[in-house]
Each structure stands twice: as C-alpha cells, then as structure tokens.
Amino acid sequence: MIKRLWSVPGGSAPAPAAGSYLLVLACALLLLPTLGLYPLFDVDEGAFSEATRELLQSGDWLSTTLNGAPRYDKPILIYWLQALSVGTLGLNEFALRLPSAAAALAWIMAIVRFATPRLGSTTALLAGWIAATSLGVMAISRAATADALLNALLAATMFDLWRHLESGDRAALRRTYLWMALGVLTKGPIAILIPVAVSLGYCLTVRAWRAWMRAAFDPLGWLILIALAAPWYLVQWVLHGRDFVDGFLLRHNLDRYSGTLEGHGGTLGYYLVVAPLLLLPWSGLLWRAVRQAPREWRDPLTRYLVLWFAFVFGFFSLSGTKLPHYLLYGMTPVFLLVARRVGDSGTAANLLLLPCVLLLLLPFVPATVQWWSANGADAHAAFYAAQARRAVATAPLSYYLVTAMGSIGAICLSLYRRWPVWRRAVAASTILAGVLGFAFVPWLGELLNGPVMHAAQVAATLPGTAVQWEFAAPSFSVYRRQITPARPPEPGEMALIRTDRLEPNAPVDLLFREGGVALVRRR
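The model shown is predicted, which means the values in this text are computed figures rather than measured ones. (Residues numbered from 1 in each chain as written. Predicted model: local features only at pLDDT ≥ 70, side-chain atom pairs only at ≥ 80, totals over all residues. Heavy atoms only, no water.)

J.: How do you make sense of the overall build of the protein when you look at a structure like this?
T.: A tally of helices and strands in the protein yields 22 helices and six strands. Taking 523 residues into account, the globule formula puts the C-alpha radius of gyration at 24 Å, and the protein, at 24 Å, falls close to it. Principal-axis analysis of the C-alpha atoms places the extent of the protein at approximately 75 × 60 × 45 Å. For the protein, buried positions account for 54% of its 523 residues. Taking all contacts inside the protein whose residues are at least 6 apart in sequence as the whole, residues at least 24 apart take part in 74%. Of the roughly 22100 Å² of accessible surface on the protein, 66% is carried by carbon and sulfur atoms. (Helix = DSSP H or I, 4+ residues; strand = E, 2+ residues; numbered from the N terminus. Rg over C-alpha atoms; globule rule 2.2 N^0.38 Å. Buried < 20%, exposed > 50% of the residue type's maximum accessible area, 1.4 Å probe, protein only. Contact = heavy atoms within 4.5 Å. Areas by Shrake-Rupley, 256 points an atom, 1.4 Å probe, with all protein chains shown as cover.)

In structure tokens:
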C-alpha cells in the first residue's frame, strides 16, 4: 500500500537475530539485579503494590482496593501480572517490579525488530540501546506501576499498525487490535486514542483515508478488542455501578485531562523541558532530529514517527494534569529518529559530553543535597529538608566507589579514539546506566522512602491498629503487611505522620523517628 522511499545508507542489511537478543540480555543484566536494591517509592509504587497485596490477600481478582477502599485509578492487567509475580516469588520489591522490567525488555526488543528491516542493523541496535539507557525508560522500567507495560503495548500497537499501512498485512492489523485491547486493560482509553489519532493524521497527509477507514472499522479487529477488553469493564460496571464510572472514566480520565489532579499541573511549555530530560544522556541528538524532520517529511516512515511524537506532545501539553511519564508514550519514535543522527558529523560532543558530565556530578550529589537541607530549604520544604539531612549518612562507601570508578571509566572510553564515536557513546551510556541502577537509585530510594519502610517494620512488631495521619505513604501498608487507613488516630492507635505536621504538644508517644517520618501512638 504505502512504500518506503529510502533507508539509512550503509544499514540496509538485516541484523542477525543474535544481535537483538544480545542487546536484550545486556539490558537485562543492567536492569534485573537492581530491582530489589531499594524501597518502594511513594506514592505510585506504594499504591500499586499495596493494591496487589490486597488482591492476593482478599482473593478478589476482579476489583482492586487500596487500604480497604475501592481503587478505580487503573484497570486490572498490571495488578494481575504483579500478583502472579508476587505469588511466585514472594512479596518483595523484585517481584513487584518484575512485570515492569519484563515489559521494558519487550519494548526494547520490539524497537529493534521493527527498525532492523527499515533502518538497518546498526541503527536498529542503536535505537534499542538509546531506549534502554535513556533516563525515562530507566526510571519507568524500575517502577512497580502500569506505565512500562503500557509503553510496550503502545509500541507494539504502533509498529504493527505501520506494518499494515506499509504492506496491507492483515495479520499485523489484527495484532494491532490485540495490543490495543491489552492496553485498554492496562491504562484505559489512551491505548486506543493514540493509534487512532496518529494513523488518521498520517493517512490524511498521504491521501490514504480509505485505507484508514478499512483499518479503523475492521470487524474482526473490533471483535478481538471487545472480546478481550469489554468483559472486565462490564463486570466493574455491574459490581460498582456509578462509582466505577465516576472514579475511573470521569475522575481519572476526563477530569485528569480537563483539570489539574493532585497538584500535577504545568505550563504549555512543560514538555519542552521534559523531552530532553527523558532522553538523557542522548539529549544532544534531539535538536538534530527535530531540524532534520522537515527535510525528511517525504519519507513515509519519518512522517509517521514525527506525527506519533507530535500528537502525544501536543495532546498532553493541552492536558490540565501533567506528569513527565505521559510524554514517554511518544518517545519511542524519538528513539528511532535520533538513532539515525548518531552518524552525523559533529556529534562527538553531543554524544560523549552529557554522560561524562552526569557521572562526574554523581559523587557530589549527597553532599549537595545535604547542604541544601541546611542552607537552601524554606519552611514550606521542611519535610523534604528533614529527609535530605540524611543524604550523606545514607550514601555508603560503595556509592562513592561506584560513581567515581564509573566517571573514570566513561572518560577513558570516551577518549579511546580507536573506537567510532557511536561505540564510545554506547559504552559511556552503559556505564551511566549501571551506576544509576546499582548506586544512585538505591541511595535515592533509601533517602526518600527508607524511613517509611523502617517505620513499617517497627509497626509490624507492635500490637494495635495503625493509621496514616495526614500522610499518604501506601508503601507503609506493604511493608507492614496490613491495611493502614488514612484518618486521625484514636487513643491507643499507632499513626504514621510527617514530622512537620506533628504538633509540638500533640498527645502522642514517639515510637520511631527518622528523617521527616515519625511513628507515634495516640495517648
């Protein structure tokens, strides 16, 4: 139907299957051993994990709860996957994060498999490596949330949709509907909106709207989507009625777009800042890709990729609620577009400077954070300042050894001129990813959520009921392994509270205190 006009020079030969498998194996070695090295981050990781724990405890695999109350935030698929993982491996951080890590590895594999016959073996492997070592993917692949799974399913959807538009492959079209159905079970309508909008925009620009109509209204495709996705939504409507409609469809979809939820707002230019941050340490190639896009607009695949990113960027820029990971839904095409710019002349500084600078800064982060807590924090940041005062104490000697060795190794490899620039860049980004995963993120997790975990471990040894008192930290329930409702404590009850919200003369006994977190018992 729609033919490719060109491919990247020098990269037309398909990569051996072993190349992509070795890439995924290397990514797995960087990712999987790090999953259990740090506590769950609140609020999102704690909420997903506690909902999964309650699902297993209650035996109700249809509806989710959080601290005993119905949780309508997200559909069911990620909870099922986390529950299967926890049921097999036990309730721990590794098991809770494993579905996200597996989804991220599948995402990377999908990028390489899609790009190899279209952009060439070298560019395909580079695109996979850029994705794997970019800050956005590194963060989301280590989080026990739904977003890594949704991104993997969106990538599969968009890639199979292109395969259909490119060649008329009906099997690819049916797989598109399959991935959309699973995406709807992962996060809702966004899994349909993005492929529908991007494909419509693309087909209109190439005057192939009839092809779009045939694809968009394929009877068998819709049968697949409805058969897979509709039953769970129907069950929720039967079980919970208007509460489910209001909680999921209205509040967490329409209201989230039309207004600012939970304080997550931002200006129209929010994602102009977020995009290069998500792409770190490859951000130096972003402007080159943007500058080249108009010149390559005639190429169908480039047009499709640009429209994919542009729609996600524009759609979420207009949203009332803004979060960095929303833009990840449109970063897969960016990984492919910037990978084609790696071979451009003059890219050495763009490719090598950022990973080396970031690695050089990492050994000084704990001291800088602690200095801020003593000199830069104001009264509105009292809780975070209290947490930050532990920054140096929570950084073990291994943190400084790993970050220092990573800096030296990256600089040495960056200066090794016998290797082409792209190979040096891959080496430096690999070192950065390893340092972040094995040293920086574990330190950050202990700094931010270690006190909550430790408070929960103390509470688990003490008798009595516990509550969360003006403090949303659902990971407390996970580590305590009991539901912890959010309300003021009754006499004799324990309460988890932020120290900046604890009145000096409050009628409580202090049971535990660390950083900005306290566990108290009401008199």
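J.: So what exactly am I meant to see when it comes to the pairing of strand β5 (residues 508-514) here?
T.: Side-chain direction in a regular strand flips from residue to residue, so the side chains alternate between the two faces of the sheet. The pairing of β5 with strand β6 (residues 517-522) spans six bridges and is antiparallel. Paired with Val508 across the bridge in β6 is Arg522. The antiparallel pairing of β5 with β6 creates a hairpin that spans two residues between the two strands, and Gly515 there sits at a positive phi of about 60 degrees. (Pairing = 2+ DSSP bridges.)

J.: Can you walk me through the sheet that holds strand β3 (residues 466-468) in this structure?
T.: The strands that make up a sheet are held in pairs by hydrogen bonds between backbone atoms, and each pair lies either parallel or antiparallel. Spatial strand order, β3-β4-β6-β5: four strands in an open sheet with mixed pairing. Where the open sheet ends on each side, the last strands, each with one partner, are β3 and β5. Here the average twist between neighbouring strands, direction ignored, is 25 degrees. Set on the sheet, helix α21 (residues 421-460) makes contact with β4 (494-498), β5 and β6; between it and β5 the angle comes to about 130 degrees. (Axes fitted to C-alpha atoms, helices over the stretch in contact; angles between N-to-C directions.)

J.: How should the packing of aromatic side chains be read in this particular structure?
T.: Between two aromatic rings, the relevant description is the distance of the centres plus the angle of the planes. On inspection of all chains with the given rule, the structure shows 28 aromatic pairs. Summarising the aromatic geometry, the rings of Phe316 and Tyr329 are spaced 5.7 Å apart at their centres and angled 65 degrees between planes, so their arrangement reads as edge-to-face. Pair noted here: Phe316 is in helix α15 (residues 300-317) and Tyr329 is in the loop between α15 and α16 (332-339), with a separation of 13 residues, a long-range link. Each member of the pair, Phe316 as well as Tyr329, carries the same accessibility label: buried. Site record: aromatic cluster; members linked through ring pairs are Phe114, Phe159, Trp162, Tyr202, Tyr304 and Trp308. A cation sits over an aromatic face here: Arg71 above Phe48, 4.9 Å from the ring centre. (Phe/Tyr/Trp six-rings, centres within 6.5 Å; stacked < 30°, edge-to-face > 60°. Lys NZ or Arg CZ within 6 Å of the ring centre and 35° of its normal.)

J.: It is not clear to me how the packing of helix α5 (residues 121-133) against α16 should be interpreted in this structure. Could you clarify?
T.: For any two helices packed against each other, one specifies the crossing angle of their axes together with the interaxial distance. Running from N to C, α5 and α16 point in directions that differ by 130 degrees, and their axes come no closer than 8 Å. In terms of orientation, α5 lies oblique with respect to α16. Here α5 runs over α16; the crossing is right-handed. Taking contact as the criterion, the partners of Thr123, Leu126, Ala127, Ile130 and Ala131 in α5 are, on α16, Phe335, Leu336, Val338 and Ala339. Residue composition of the contact of α5 with α16, by class: eight nonpolar, one polar and no charged. (Parallel < 35°, antiparallel > 145°, perpendicular 65-115°, else oblique. Left-handed = near helix turned anticlockwise from the far one by under 90°. Nonpolar A, V, L, I, M, F, W, Y, C, P; charged D, E, K, R; others polar.)

J.: Explain a nonpolar patch on the surface to me, please; I cannot follow it from the model alone.
T.: On the surface, a nonpolar cluster with roughly 690 Å² of combined accessible area is contributed by Leu200, Leu204, Trp209, Met213, Phe217, Trp222 and Ile226. Of all elements in the fold, only α9 (190-205), α10 (209-216) and α11 (219-240) reach the threshold of two or more residues within the nonpolar patch. With respect to the secondary-structure elements, Ile226 resides in helix α11. Residue classification places Ile226 among the partly exposed residues on the basis of a relative accessible area of 47%. (Patch = residues over 30% accessible without salt bridge, like charges linked within 9 Å, V, L, I, M, F, W, Y side chains within 5 Å. Salt bridge = Lys/Arg side-chain N within 4 Å of Asp/Glu carboxyl O.)

J.: Can you walk me through the pattern of salt bridges in this structure?
T.: A side chain of one charge can pair with a side chain of the opposite charge if their charged atoms are brought near each other. Tallied over the entire structure, the rule returns 17 salt bridges. Residue Glu45 is joined to Arg97 by a salt bridge in which the shortest nitrogen-to-oxygen separation is 2.8 Å. Placement of Glu45 in helix α2 (residues 44-58) and of Arg97 in helix α4 (residues 93-119) is noted, with a sequence separation of 52 residues between them. A single burial state applies to Glu45 and to Arg97, both of which are buried. The partner of Asp218 in a salt bridge is Arg174, with the nearest N and O atoms 2.8 Å apart. With a gap of 44 residues between them, Asp218 in the loop between α10 and α11 and Arg174 in helix α8 (residues 170-186) connect regions that are remote in the sequence.

J.: Where do I start with the packing of helix α7 (residues 147-167) against α8 in this structure?
T.: Direction vectors running N to C along α7 and α8 enclose 160 degrees, while the axes themselves pass 8 Å from each other. Between α7 and α8, the interaxial angle falls into the category roughly antiparallel. Note that α7 runs across α8; the crossing there is left-handed. Where α7 abuts α8, its residues Leu149, Leu150, Leu153, Ala156, Thr157, Asp160, Leu161, Arg163 and His164 lie against Arg170, Ala172, Leu173, Arg175, Thr176, Trp179, Met180, Leu182, Gly183 and Thr186. Looking at the contact of α7 with α8, its residues break down into 10 nonpolar, five polar and four charged.

J.: Is there a simple way to think about unusual backbone geometry in this case?
T.: Peptide bonds are, in most cases, trans, and in most cases residues other than glycine have a negative phi. That bond from Asp42 to Val43 is cis: its omega, 15 degrees, falls within 30 degrees of zero. Within the secondary structure, Val43 sits in the loop between α1 (17-31) and α2. Going from Leu280 to Pro281, the amide bond is cis rather than trans, its omega being 5 degrees. Summarising the element assignment, Pro281 is placed in the loop between α13 (270-279) and α14 (286-292). A positive phi angle, near 50 degrees, is found at Asn67, a position not held by glycine.

J.: For this particular structure, what's the right way to read the side chain of Gln292?
T.: Within the secondary structure, Gln292 sits in helix α14. At 2.7 Å, the side chain of Gln292 forms a polar contact with the side chain of Arg295. (Polar contact = N/O pair within 3.5 Å; in protein donor to acceptor, adjacent residues only side chain to side chain.)

J.: How should the confidence of the model for the protein be read in this particular structure?
T.: Where the model shows low pLDDT, its predicted coordinates should not be examined in detail. Per-residue confidence for the protein gives a mean pLDDT of 90; residues scoring 70 or more make up 93%. Under a pLDDT of 50 for its full length, residues 1-15 has, in the predicted model, 39 contacts with residues more than four places off or in other chains. (pLDDT = per-residue confidence, 0-100.)

J.: When you look at the side chain of Arg53 in this model, what are you seeing that I'm missing?
T.: You can see Arg53 is positioned in helix α2. Within the local environment of Arg53, its side chain forms a polar contact with the side chain of Glu50, the two groups lying 2.8 Å apart. Setting aside residues no more than four positions away along its own chain, Arg53 makes contact with Leu91, Ser477, Val478, Arg481, Gln482 and Ile483.

J.: For this particular structure, what's the right way to read the environment of Gln370?
T.: Mapped onto the elements of the fold, Gln370 is located in helix α18 (residues 365-375). Gln370 gets classed as partly exposed once you look at its relative accessible area, which sits at 27%. Gln370 sits 352 residues away from Ala18 along the chain, and the two C-alpha atoms are 46 Å apart. What Gln370 contacts, discounting residues up to four positions off in sequence, is Ala388, Arg389, Arg390, Ala391, Val392 and Ala393.

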